[in-house]
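# Secondary and tertiary structure notes
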Amino acid sequence: MRSDEDGHGGAQYLAGSPVRVAMLRALREDPRRPAGLTAAVDATRTTVQRILSGFRERDWVVKRDGAYRVTPTGKRVHDAYEALLDEVELAERRGRFAADLERVGADFPTEAVDAGELTVTTDRNPLAAVDRLTELLREGAGSTIRAVSPIVIQQFNEAAAGALDDGASVTLVIDRDVVEESISTFGPATDRALQDDDAVVYVSPEPIRYGVFRYDDIACVTAYDRRNNPRCVLESTDQMVVDWVDERLESFIAEADPLASVVERA
């Protein structure tokens, strides 16, 4: 029997092959015979037998009644490895969020990156960030909503209109490029912004590169990619995030012009 000193060898062995990980995961779920593993992990029988031998050497599995099953040690190794993968993925996602904000000079406090729940756009769910922002607008119905956004899309307009209909007040800061698009593409939404006393829109003279959102005790920060697509949404009740978002909102509003005055000059 081989001993992997301080666990590093075992971790290195498991991480060295996706098939090993898949096999340990499959055995963690249910005992399996080699033929069943071959089908489950899409590997040759020779590969499966070789990996099973390595697992047995490390006391990760035992064979009983022709089937292999994980030992308590194997379960702990599997669970610890999966937890590590989750942590690495979370760190990478939060790292991308921080990098996107750093790229546009948002000056978001680095120590606040972990202070909240993160929604991330992925290849499997390319609209995750958009959908979450839309949900937040809907959840803010009846509240005071304040936001800064570098984009305006139909989903946001409809959610904001619904929130207004349900008694919310909405203050929004957009930039000049977004104003032009809103007038040409979303005329009814622009008209309501000009006519509804509960909707106040400001226009930033400078391009907006990230988003912030506030209602009740929730503060959100949205990072955008280089094509101005929302990629990550951090939502938090942490005081550091709340204070930063409030300061950013006040700064954007102080430097912006009311939408009515911009439209009149257009």
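Here, every reference points to the structure presented above.
Procedures and definitions
Residues numbered from 1 in each chain as written. Predicted model: local features only at pLDDT ≥ 70, side-chain atom pairs only at ≥ 80, totals over all residues. Heavy atoms only, no water. Pairing = 2+ DSSP bridges. Helix = DSSP H or I, 4+ residues; strand = E, 2+ residues; numbered from the N terminus. Contact = heavy atoms within 4.5 Å. Axes fitted to C-alpha atoms, helices over the stretch in contact; angles between N-to-C directions. Parallel < 35°, antiparallel > 145°, perpendicular 65-115°, else oblique. Left-handed = near helix turned anticlockwise from the far one by under 90°. Nonpolar A, V, L, I, M, F, W, Y, C, P; charged D, E, K, R; others polar.

### Digging into the sheet that holds strand β5 (residues 169–175)
Spatially, eight strands are ordered β3-β9-β8-β7-β4-β5-β6-β10 in an open sheet, and the strand pairing comes out mixed. Each of the sheet's edge strands pairs with one partner strand only, and the pair in question is β3 (117–120) and β10 (257–258). Sheet topology note: the strand β8 (residues 218–224)/strand β9 (residues 230–236) ladder contains six bridges and is antiparallel. Each bridged residue has a counterpart across the sheet, and for Thr222 the counterpart in β9 is Val233. Those strands touched by helix α5 (residues 72–103) are β3, β7 (210–215), β8 and β9, and its axis lies near 75° from that of β8.

### Concerning the packing of helix α2 (residues 18–29) against α5
Between α2 and α5, the least distance of the axes is 10 Å, while the angle of their chain directions is 120°. Between α2 and α5, the angle is such that the two are oblique. Of the two possible hands of crossing, α2 and α5 adopt the one that is left-handed. The segment α2 lies against α5, with Val21, Leu24, Arg25 and Arg28 engaging Gly74, Lys75, Val77, His78, Asp79, Tyr81, Glu82 and Leu85. For the contact of α2 with α5, the per-class residue count stands at five nonpolar, two polar and five charged.

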